[in-house]
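Read off the chains here:
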Amino acid sequence: LSQLLFRDKSQPPVVFHFMPWVGSAAAYGQDPIKFFFDCRQKHGDVFTFVLLGRRVTVALGPGGNNFIMGGKHTVFSAEDIYTHITTPIFGKDVVYDCPNEVLMEQKKFVKFGLSTDNFRAYVGMIEEEVLGYMKSDSRFRIFQMNDINEWGSFDALKTMSEVTILTASRTLQGIEVRNHITKDYAQVYSDLDGGFTPLHFMFTNLPLESYRKRDAAHKKISDFYISIIRQRRENPGQEEEHDMIASLMNQKYRNGRALKDHEIAHIMIALLMAGQHTSSSTGSWSLLHIADRPDVADALFEEQVKHFRQPDGTWRTMEYEEIKDLPILDSVIRETLRIHPPIHSIMRAVREDIVVPRTLSAPSEDGQYIIPKGHVVMSSGAVSQVDPILWKNATEWDPSRWSDPEGVAAQAYKQYDDANGAKVDFGFGLVSKGTDSPYQPFGAGRHRCIGEQFAYLQLGTVITTVIRQVEMKLASGVPDPNYQTMITLPKKPRDILYRRRQFD
Ligand code: HEM
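The structure reproduced in this document is the subject of the present report.

Rules behind the numbers
Residues numbered from 1 in each chain as written. Predicted model: local features only at pLDDT ≥ 70, side-chain atom pairs only at ≥ 80, totals over all residues. Core = buried A, V, L, I, M, F, W, Y, C linked by C-beta atoms within 7 Å. Buried ≥ 20, exposed ≤ 12 C-beta atoms within 10 Å, placed from the backbone. Helix = DSSP H or I, 4+ residues; strand = E, 2+ residues; numbered from the N terminus. Near = placed C-beta within 6 Å. Axes fitted to C-alpha atoms, helices over the stretch in contact; angles between N-to-C directions. Parallel < 35°, antiparallel > 145°, perpendicular 65-115°, else oblique. Left-handed = near helix turned anticlockwise from the far one by under 90°. Contact = placed C-beta atoms within 7 Å. Nonpolar A, V, L, I, M, F, W, Y, C, P; charged D, E, K, R; others polar. Pairing = 2+ DSSP bridges.

**Observations concerning the nonpolar core**
Here is step 1: Ranked by size, the top nonpolar core spans 75 residues in total, and within it Ile-264, Met-268, Ile-269, Leu-287 and Ile-496 carry the most contacts.
Here is step 2: For this core, the element with the most residues is helix H14 (residues 261-292), which contributes 14 residues.
Here is step 3: Formed by 31 residues, the second largest nonpolar core is a distinct cluster that contains Tyr-28, Phe-35, Val-58 and Met-69.

**Remarks on the site of the ligand**
Here is step 1: The ligand sits among 22 residues. The nearest are Gly-275, Thr-278, Gly-443, Cys-449 and Gly-451.
Here is step 2: Breaking the shell around the ligand down by element, the ones donating at least two residues are helix H6 (100-113), H14 and helix H20 (452-469).

**What to know about the packing of helix H12 (residues 209-234) against H14**
How two helices sit against one another is set out by the angle between their axes and by the gap between those axes.
Here is step 1: At their nearest, the axes of H12 and H14 sit 9 Å apart, and the two run at 120° to each other. It follows from the interaxial angle that H12 and H14 lie oblique. When you trace H12 past H14, the crossing you get is right-handed. Judged by residue contacts, Ile-221, Ser-222, Tyr-225, Ile-226 and Ile-229 of H12 engage Asp-261, His-262, Ile-264, Ala-265, His-266, Met-268 and Ile-269 from H14.

**Re the packing of helix H8 (residues 156-173) against H20**
Here is step 1: Interhelical geometry of H8 versus H20 gives an angle of 125° and a closest axis separation of 11 Å. Here H8 is positioned oblique relative to H20, judged by the angle of their axes. As H8 runs across H20, the sense of the crossing is right-handed. Within the contact between the two elements, H8 uses Val-163, Thr-167, Ala-168 and Leu-172 and H20 uses Phe-454, Gln-458 and Val-462.
Here is step 2: Residue composition of the contact of H8 with H20, by class: five nonpolar, two polar and no charged.

**Quick look at the pairing of strand E8 (residues 376-379)**
Here is step 1: Here strand E2 (residues 54-59) pairs with E8 via three bridges, running parallel. In the sheet register, Val-56 faces E8, and the bridge partner there is Val-376.
Here is step 2: Where strand E5 (residues 346-350) meets E8, four bridges bridge the pair, whose relative direction is antiparallel. From the neighbouring strand, Ala-349 faces E8, where its bridge partner is Val-376.

**Overview of the sheet that holds E5**
Here is step 1: Taking strand neighbours across the sheet as the criterion, the five strands line up as E1-E2-E8-E5-E3 in an open arrangement whose pairing is mixed. A strand with exactly one partner marks an edge of an open sheet, and here the two such strands are strand E1 (46-51) and strand E3 (76-77).
Here is step 2: Where E3 lies against E5, two bridges are found, and the strand directions are antiparallel. Its bridge partner lying in E5, Ser-77 is registered against Ala-349.
Here is step 3: Against the sheet, helix H4 (residues 61-69) engages E2, E3, E5 and E8, with an angle of about 135° to E8.
Here is step 4: Packing of helix H5 (residues 79-90) onto the sheet brings it into contact with E3, E5 and E8, and relative to E5 it is tilted by some 115°.

Below, the structure is given as structure tokens:
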């Protein structure tokens, strides 16, 4: 009752909760998407909930996305909210442990390394890694199968995590890192990763063994990168490498200063962390959905046959430019990221009082709320991406929506235009990168992801290499998402049945 009686009406409505400090942690933690839709029904696009002592104001829909992702970085701070979890993992002087202008320069350095020229070299490397993985003594071992009619099974997430680290290290991280991926080193990565959990996000000072392990792992990995950089300096022959270390070693800040060794090492760790769970999650969801939909699997396979199967029955490696021109593959990844964006909530800390329209989904006379300094604001592309107001059959995985000009993706955008009373030119076939786009798996605005093209290249090559070799099916349906990890992952059981493809 007190929550209703003493509500400050100039501020967004607060979601009802029984326990003062805990607030809505259970409902949000269990299923944030359901929680947000329920809250929207009661309170509209803008509301505040209590999350373990913090006041979090959510702004939903494309309007909410625009409000937060398009907000001024001096007011909506990413570093204030993320640095306590990322700095011990990445290290000093990079990403959120430096002024935002420096991060912008660092992102430019990385973009420079993610060049078309490098991408061209990566396709063959990724294909080779995946084929090698399928041959090796791992869970996913098709070439040693004697009986081609026998179905095997593999855990989608475990397999994709391994494939992702192998392919990312072979390409972006560099040959020294790739050659270092042994069982022992996997434990070090896993210790570092152990610092990237919702618990570590919410609390900074728990007596957890995982902090000690995380810090030791950071030191070990950082020292390893620094030793690679030094060896390369002493041995300049390696400079033709297409990897990110080589690229960063040649970059300079605007003031003319080259990157220090520890900055390069820490950027490399940040990239490893940024790409690992996001890509392995998307890869596993993609394979799970493909396995669940034989018609889509067939279409993907036919697309491959049409372009890359040679008269003698062997496969040709794709050119980077060709990958970008495969509509079925593209729509499979795009649709997977719509339903399963790895990051469901994007947060910023509010540094000044700000005003927000009470209704964001359409122009309205409803007035404004004040969001006080100190609140956390949250946007959720994961909600606008499955919003039934915007998408037909919103929660259905249907890649064809992206390739049909009269289809539901086009209609979603049209409805959004109509609802906003203004023409927003998304352009068919293009996904708007605007901060007001309903589709934001890679975020938007100043903090937008720079790994999108690499992720499409990596995922596209992995998926097609698998599809060329095996048929897949699911024993049970596509699993539910697990929201209890920082990145949304498929729950167990997530096994895919597979067997070697049989050719006439
Ligand atoms: C930022 C998603 C892969 C590097 C982001 C953001 C999202 C995202 C949502 C915005 C975060 C925010 O605004 O707070 C994804 C997804 C991926 C992926 C879905 C794969 C499917 C990668 C890869 C790399 C990478 C492979 C590196 C090669 C980054 C960087 C940022 C970023 C450097 C910028 C952070 C900032 O400016 O604050 N990503 N990412 N990401 N991502 Fe990715």
